[in-house]
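Residue strings, one per chain:
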Amino acid sequence: MFKRLKNIAGRRKDKARLSKKDTLASQKREKNKSVQSSVTDNLNLFKQIYKIPENMDVKIREFTLGKSGRKAAILFISSIIDSKRLEESIIKPLLQCQDDDAKISEIIFNPILTPVTEIKKVIVHLNLGNAAIFLDGDHTAYMVDCAKFESRAIEQPQNEAVIKGPKEAFTEKVVVNLSLIRKRIKNEKLIVEATVVSERSKNEVLILYIRNLADEKMVANIKSRLENLSVDAVQNLSLLEQYIEERRYSLFPSVLYTERPDRAVSFLEDGNIVLLMDNSPDCMVLPATFWSYFHSPEDHYLRFAFGNFSRIIRIVALFITLFTSAIYVAVTTYHAEMIPADLLLAIAGTRERVPFPAFFEILIMEIAFELIREAGLRVPNPMGPTIGIVGALILGQAAVEANIISPIVIIVVALSGLSSFAISDVSLNFAIRIVRFGFIFSASLFGIYGMTALFITGLFYMVSIKSFGVPYLAPMSPHYVSSGDTIFRKVVTSEVFRPGYLKPADLKKKGDGSTK
Amino acid sequence: MNPLFKLFLLVPILFLLAGCWDHKEIERKSYVIGIGLDKGKEQGTLEITYLIGNPEVGSQQSGGSSMEEPSELITINVTDYISARNIANSVIAREISYDLLRVILVSEELASDKDFLRFIYGTVKDREIKRSTQLVVTKEKVGDYLKKNKPKMETRPHKYYEYMIDRGIETGMIPDSELHIFFRVTEEDAKVFLSAYTSSETTEEEKQGPTQDEFYAGQLEVKGETNRTEFFGSAVFLEGRMIGKLNGEENRLVMLLNEFSEISDIITTFQDPFHEQYQLSARIIAHKEKTVKMELNKKHPKIRVTLPLKVEILSDPSMTNYVEKKKETAQLEDYIESSMEKKIADLVERTQKEFKAEPFGWSLYARKEFKTLKEYMTFDWMKTYPEIDIGVKVDVELGEFGRQPKIPGFKGVRD
């Protein structure tokens, strides 16, 4: 029977289909060759590698060089090059060349011209959008830069919108992202190192840090982690995060994402490391503490009082999200004497006709809210508002009228749901929303006592975890020299120190009172 | 999978085993707002009346409002009110809860009984009874009182008792009589405890005299269509037993002299010293600290108290315009001082002769006069109090004379 199943599954056929020629190992063998002197040989080799003409966007242009009649060819991938530039600055001068002895660097207008002799490197360049020029009797291929990857223009940040402050966001094109950062740090010590992290797709990660600020050990640590990866493809940073983080089962995130170049720069200037990657409209900041998820760039753009006010609102929202539903369950089932008399009677009065225990009632509504949220996210754009109305109206009003839910539960769940939107970081948002269910369960089992126990356990955990060697709650616990930017922030002129937990080479970033 | 990790997965089951004790859904309880205590038919028993609030009435703005009564009364004969909770369940469908208990009402008859102390100390044993519960004495049997007491506006009983007692304390007609104070005073054994006094029965000799606060509950004449329950005056407890009563006026004076009362809104009347047929309305404000001086170590112990008061004259029925007349104002001040001093002197004498203990809290000052606790104990405050020479001086300062101090003269208008 198993044999038959195997036949149906077609394992053997699969094995047979993959010819020995096309394996990764055989590809490597071909790549290790060097460029031949005959154009035809070279072209034949590349036709084999790229499977021309089946591979429709890899193009070859053959021609003779000027009047000399020397055979030449240009190889490129048409979908990722700028054909106009190719025509203007490469093909035209080559065809019109009068001087037979001129070197190729003297003919071509393009600023970047790389002579390459290994096939392996030629392929890398071709895949990056360069064109390869082969000449008869020459053992080198000349790689000319004329790449043009299609991508979005720079847009406003979607998830980290601010009222006051710059409104540029990273895009999927790493060169653009890099230029957005270079625009903000005009310092020769800003180092951009590139590492290839995947074996088949050759995805490249850029490691950014400021040389005389960032801790060398940390840079080396992150580099080694990236280099030790053995993966076929890593599409973007969101996936890379999951490869390099320390605790993959942990609820709390350990690296920070931001789509704002200004935010990335402020972390760089504090001694953090930033990773950039193509196809990621954001950057990854390492290491990250709990506070960085809680903060918003606007906290510092707004004046002292205003920034702190919005911080208070956010921390309150965080605790409301965590606790309101759980407190309702705990108080109504264990600690009725804590509620003011009128409210107690009102809850008791409305609950008389509700068939479920308070815990179950809350759970139904919380799940309903999460459903609306998830469905609203996945629904096609024009239907979004409808889902909101249907969710709020049907679930809320009708559930109360049908005596399935008491009206106070709607208030409690709506409040905790609304507050959860104030936590802007996606990762922390998820963590809080999941932990909230933990609190509801513990409240239903042990009341406030259970909630306290869970909260303390959670604190123990948060104090124990680290993000790339940095304690999660630093600089509050354990204490480090820093600007004290945790729950509240200081006046800008008093924020003199870089965070000590990053072990920056230069701890002080401002003069006393920000004057000389 | 790691076997230790598998074991760890069993931990949540432990929570399920240990959890949920004491778990009770909020709507499965009956909330007792007031407990009434009467003497039982036999010796050593109590007649307990439960005043139970109905959560369904008045709690919802729209929909679901029922035609049910706002409260329910049951009376049972038991030995104490802790076991009463289960017996009451033969009539009441839900678990009896004291979470919302506001008042413990005791009939005068039971409060005067020598065994009252035995019953009331049961409240300390019960976890749910808060020490902030008010202890109120009713003139009649509590069962009858509660049956008759049907407020027209505050139909929900917890609101009625909360507002009634809070406002009574503000105006000083009744004292703040939390259970906690009762136990503290009883155990301290240095003064009497005052408890709010109430009645829903009207006596035949209803009064509505010129001075309107010298009554006991049930004596004030009130007309109209209203609930005839009055909270007026206080019951005096000595060593955990009721020994007498103070009327509204006496209670106000005690509250004025007491350090810890929350009296804040006293409007009373004085006879106009220049026109006997008129009464002057006055607001009394205790704006300064009173001074209490004691000389206890001499052969004849002495207490001298100065009570500084601000008095605002709010009415002027004789249309004399006192505000303009310096001589008359000075006389008025003297008159108010002397009339208040006389009333206080009468009250002090009454406490010395009738109760043989004081309600003012002076023992706190007396303690400071002794170097050691032993000396204070040998002095024996309770025993000495009736013989102490006590003088209370009232220091009146006239404040404003109403919003518009000056009004036209009576003769000027009727010319």
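Residues numbered from 1 in each chain as written. Chains lettered and ligands numbered in written order. Predicted model: local features only at pLDDT ≥ 70, side-chain atom pairs only at ≥ 80, totals over all residues. Heavy atoms only, no water.

Under an unreviewed UniProt entry, the name given to chain B is Ger(X)C family germination protein, and the source organism is Mesobacillus foraminis. UniProt annotates chain B under Subcellular location (unreviewed entry) with the comment "Membrane". The Sequence similarities (unreviewed entry) field of the UniProt record for chain B holds the comment "Belongs to the GerABKC lipoprotein family." (UniProt positions renumbered as here; feature names shortened; annotations may be inferred.)

Looking at an unreviewed UniProt entry, one finds chain A named Spore germination protein KA, with Mesobacillus foraminis as its source organism.

Explain helix α9 (residues 179-188) of chain B to me, please; I cannot follow it from the model alone.
Residues spaced three or four apart along an α-helix point in a common direction, a consequence of the helix completing one turn every 3.6 residues. Residues and elements named next belong to chain B. Listed in full, the buried residues belonging to α9 are Leu 179, Ile 181, Phe 182, Phe 183, Val 185 and Thr 186. Residues of α9 that are buried make contact with β5 (103-107), α5 (116-120), α6 (122-125), β6 (134-138), β7 (193-199) and β8 (230-238). At the exit of α9 stands Asp 189, carrying a positive phi of roughly 55°. (Buried < 20%, exposed > 50% of the residue type's maximum accessible area, 1.4 Å probe, protein only. Helix = DSSP H or I, 4+ residues; strand = E, 2+ residues; numbered from the N terminus. Contact = heavy atoms within 4.5 Å.)

Is there a simple way to explain the packing of helix α14 (residues 304-333) of chain A against helix α18 (residues 407-420) of chain A in this structure?
A packed helix pair is summarised by two numbers, namely the angle formed by the two axes and the spacing between the axes. All names here are of chain A. One way to put it is that α14 packs onto α18 with a least axis distance of 7 Å and a crossing angle of 155°. By the angle between their axes, α14 is roughly antiparallel relative to α18. The two elements α14 and α18 cross, and the hand of that crossing is left-handed. On the side of α14, the interface is formed by Ala 317, Ile 320, Thr 321, Thr 324, Ser 325 and Tyr 328, while α18 contributes Ile 408, Val 409, Val 412, Leu 415, Ser 416, Ser 419 and Ser 420. The residue inventory of the contact of α14 with α18, partitioned by class, reads seven nonpolar, six polar and no charged. (Axes fitted to C-alpha atoms, helices over the stretch in contact; angles between N-to-C directions. Parallel < 35°, antiparallel > 145°, perpendicular 65-115°, else oblique. Left-handed = near helix turned anticlockwise from the far one by under 90°. Nonpolar A, V, L, I, M, F, W, Y, C, P; charged D, E, K, R; others polar.)

Sorry if this is basic, but what is going on with the UniProt feature "domain: Spore germination GerAC-like C-terminal" (unreviewed entry) in chain B here?
Here, the residues flagged by UniProt with the feature "domain: Spore germination GerAC-like C-terminal" (unreviewed entry) are residues 233-402 of chain B. From the first C-alpha to the last, residues 233-402 of chain B spans 28 Å; its make-up is 34% helix and 31% strand.

Even after reading the chapter, I still don't get the packing of helix α4 (residues 39-50) of chain A against helix α7 (residues 119-127) of chain A, so can you show me in this structure?
All names here are of chain A. Relative orientation of the contacting elements α4 and α7 amounts to 60°, with a least axis distance of 12 Å. In terms of axis orientation, α4 runs oblique to α7. The way α4 lies across α7 gives a crossing that is right-handed. The segment α4 lies against α7, with Leu 45, Phe 46, Ile 49 and Tyr 50 engaging Ile 119, Val 122, Ile 123, Leu 126 and Asn 127. Split by residue class, the contact of α4 with α7 holds eight nonpolar, one polar and no charged.

Got a minute to help me understand the pairing of strand β1 (residues 58-65) of chain A in this structure?
Side-chain direction in a regular strand flips from residue to residue, so the side chains alternate between the two faces of the sheet. All names here are of chain A. Across eight bridges, the pairing between β1 and strand β2 (residues 70-77) is antiparallel. Bridging from a neighbouring strand, Val 58 pairs with Ile 77 of β2. With antiparallel pairing between neighbouring strands as the criterion, β1 and β2 make up a hairpin whose turn holds four residues, including Gly 66 at a positive phi of roughly 50°. (Pairing = 2+ DSSP bridges.)

Please clarify how the packing of aromatic side chains should be interpreted in this entry.
Remark: the centre distance and the inter-plane angle together describe each pair of aromatic rings, the angle taken between the planes. Residues and elements named next belong to chain A. With the rule as written, the count across this model stands at 30 aromatic pairs over all chains. A ring pair is formed by Phe 439 and Phe 455, whose centres lie 6.5 Å apart and whose planes are at 45°; its orientation type is tilted. For Phe 455, a relative accessible area of 29% translates into the label partly exposed. An aromatic cluster is built from Phe 252, Phe 290, Trp 291, Tyr 293, Tyr 461 and Tyr 472, whose rings are joined through pairwise contacts. (Phe/Tyr/Trp six-rings, centres within 6.5 Å; stacked < 30°, edge-to-face > 60°.)

Would you explain the domain arrangement of chain A in this entry?
By a widely used convention, the size of an interface equals the accessible area lost when the partners come together. All names here are of chain A. Its domain assignment divides chain A into domain 1 (19-145), domain 2 (174-288) and domain 3 (301-470). Spacing between the C-alpha centres of domain 2 and domain 3 amounts to 34 Å. Listed per partner, the contact involves 19 residues of domain 2 and 16 residues of domain 3. When domain 2 packs against domain 3, the two sides together hide about 1,400 Å² of surface, and 67% of this comes from carbon and sulfur. Three residues, Arg 247, Leu 251 and Phe 252, lead the burial of domain 2 against domain 3; their summed loss comes to 39% of the area buried on that side. The interface formed by domain 2 and domain 3 includes zero salt bridges. Secondary structure elements with two or more residues in the side of domain 2 that touches domain 3: α9 (216-227) and β8 (256-258). For the side of domain 2 that touches domain 3, the element with the most residues is α9, which contributes three residues. (Domains from an automatic or database assignment. Buried area = accessible area lost by both parts, 1.4 Å probe. Salt bridge = Lys/Arg side-chain N within 4 Å of Asp/Glu carboxyl O.)

Is there a simple way to think about the nonpolar core in this case?
Side chains that are nonpolar tend, in soluble globular proteins, to be buried together. Counting 67 residues, the largest nonpolar core has Ile 181 and Leu 276 of chain A as its most contacted members. Looking at this core, the element that brings in the most residues is α14 of chain A, giving nine residues. If we ignore the near neighbours within four places in the chain, the residues touching Leu 276 of chain A are Phe 170, Val 174, Asn 177, Leu 178, Ile 181, Glu 204, Val 205, Leu 206, Leu 208, Leu 237, Asp 282 and Cys 283 of chain A. Residues Phe 270, Ile 284, Val 305 and Leu 332 of chain B belong to the second largest nonpolar core, which totals 52 residues. (Core = buried A, V, L, I, M, F, W, Y, C linked by side-chain atoms within 4.5 Å.)

Help me out: how do you make sense of the interface of chain A and chain B in this one?
On the side of chain B, 27 residues touch chain A, which itself brings 23 residues to the contact. Both faces combined, the contact of chain A with chain B buries some 2,300 Å², and carbon together with sulfur accounts for 61% of it. Linking Arg 353 of chain A and Glu 56 of chain B is a salt bridge whose minimum nitrogen-to-oxygen distance equals 2.6 Å. Every element with two or more residues in the side of chain A that touches chain B is listed here: α14, α15 (341-351) and α19 (426-464) of chain A. The element that contributes the greatest number of residues to the side of chain A that touches chain B is α15 of chain A, accounting for 10 residues. Looking at side-chain class alone, the side of chain A that touches chain B contains 13 nonpolar, five polar and five charged residues.

Honestly, the domain arrangement of chain B in this entry has me stumped. Any pointers?
All names here are of chain B. With domains assigned, chain B is organised as domain 1 (29-264) and domain 2 (267-415). The distance between the C-alpha centroids of domain 1 and domain 2 comes to 30 Å. At the interface, 27 residues of domain 1 touch 30 residues of domain 2. Of the roughly 2,400 Å² buried where domain 1 meets domain 2, counting both sides, 61% is carbon and sulfur surface. Counting the contacts that link domain 1 with domain 2 gives three salt bridges.

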